[in-house]
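# Structure at a glance
Letter by letter, the chains look like this.
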Amino acid sequence: MNISGPIESITIAGRRFPVNGDDAGNVILAGFKNEVKFNGDGSKRLIRSRVNGSIKNLNVQVTHENRDLEFMRDQQSKADFFDISITYCDGTVYAGSMQFVDDITEDTQQGTAGISLEGDLEMQS
């Protein structure tokens, strides 16, 4: 049975964050993207380039008591990747090594922080 819904949670460097239940989150697995280009004679060629895995537009619950924003900023300040895993509402888990890209933006009204990450991401069995 196919069950769709929001990402339930994300674990960043060992710390679990619940995800806003209204968010879809955009997940891209690492691999290749293809582009088709025309040649001058009308024939076509395929251009392949590598693509990082990514998790975009995810809003996670943050609490000031846990210093969640500081924790994420500290991870972002490291010159290395960290372990992450995301759990879907159907129990599917993807994991890998990623790093924050873009700003970590707190929404004080909602009690969430907007995050985006890139790196390696693959389904766990």
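Residues numbered from 1 in each chain as written. Predicted model: local features only at pLDDT ≥ 70, side-chain atom pairs only at ≥ 80, totals over all residues. Heavy atoms only, no water.

### Quick look at the overall build of the chain
For clarity, the cut-off: Strands are runs of DSSP state E lasting at least 2 residues, helices are runs of H or I lasting at least 4, and numbering of each runs from the N terminus. Here's how the labels work: a residue is buried when its accessible area is under 20% of the maximum for its type, exposed when over 50%, partly exposed in between, all with a 1.4 Å probe on protein chains only. Here, residues are in contact when the closest pair of their heavy atoms is within 4.5 Å.
Scanning the chain from N- to C-terminus turns up one helix and ten strands. Reading the secondary structure of the chain in the N-to-C direction produces β-β-β-β-β-β-α-β-β-β-β. With 125 residues in all, the chain has 30% of them scored as buried. Expressed as a percentage of contacts within the chain between residues at least 6 apart in sequence, the contacts between residues at least 24 apart total 59%.

### Re helix H1 (residues 68-77)
Convention followed: Our arc is simply the arc of the directions from the helix axis toward the C-beta atoms.
Residues of H1 that are buried: Asp68, Phe71, Met72 and Gln75. The buried side chains of H1 occupy one side of the element, clustering within an arc of 95 degrees when seen end-on. Elements that come into contact with the buried residues of H1 comprise strand E1 (7-12), strand E2 (15-18), strand E6 (53-61), strand E7 (82-88), strand E8 (93-107) and strand E9 (112-119).

### Focus: unusual backbone geometry
Of note, Asn57 is a non-glycine position whose phi angle comes to about 55 degrees, a positive value. By secondary structure assignment, the location of Asn57 is in strand E6. Positive phi, close to 55 degrees, is recorded for Arg67, a residue that is not glycine. Along the chain, the position of Arg67 falls in the loop between E6 and H1.

### Topic: the pairing of strand E4 (residues 31-38)
What counts is decided by this rule: A pair of strands counts as paired when DSSP detects no fewer than two bridges linking them.
For E4, the buried fraction is low: zero of the eight residues fall into the buried class. As defined by bridge partners, E4 adjoins strand E5 (residues 44-51) across eight bridges and the pair is classed as antiparallel. For Lys33, the partnering residue across the bridge sits in E5 and is Ser49. Between E4 and E5, which pair antiparallel and follow one another directly, the connecting turn spans five residues, one of which, Gly42, has a positive phi of 95 degrees.

### Remarks on the environment of Lys78
Within the secondary structure, Lys78 is located in the loop between H1 and E7. Lys78 gets classed as partly exposed once you look at its relative accessible area, which sits at 47%.

### As for the packing of aromatic side chains
Note the following rule: Ring geometry is summarised as follows: Phe, Tyr and Trp rings, the Trp one being its six-membered ring, pair when their centres sit within 6.5 Å, and such pairs are stacked at plane angles under 30 degrees, edge-to-face over 60 and tilted between the two. Working rule: Lys NZ or Arg CZ, within 6 Å of ring centre, within 35 degrees of ring normal, means a charge sits over the ring.
If you walk through the whole model with that rule in mind, you get three aromatic pairs. Seen in terms of ring centroids, Phe17 and Phe71 are 6.3 Å apart; in terms of plane orientation they differ by 35 degrees. Their pairing is tilted. Taken together, the residues span a long stretch of sequence, with Phe17 in strand E2 and Phe71 in helix H1 at a distance of 54 residues. On the basis of relative accessible area, Phe17 is assigned to the buried category, the value being 1%. Classification of Phe71 by relative accessible area gives buried; the value is 15%. With a centroid separation of 5.4 Å and 40 degrees between ring planes, the pair formed by Tyr88 and Tyr94 is classed as tilted. The class for Tyr88 is partly exposed, based on a relative accessible area of 22%. Over the face of the ring belonging to Phe71 we find Arg15, whose NZ or CZ atom lies 4.1 Å from the ring centre.

Honestly, that's just the spatial picture; any functional story needs more than this.
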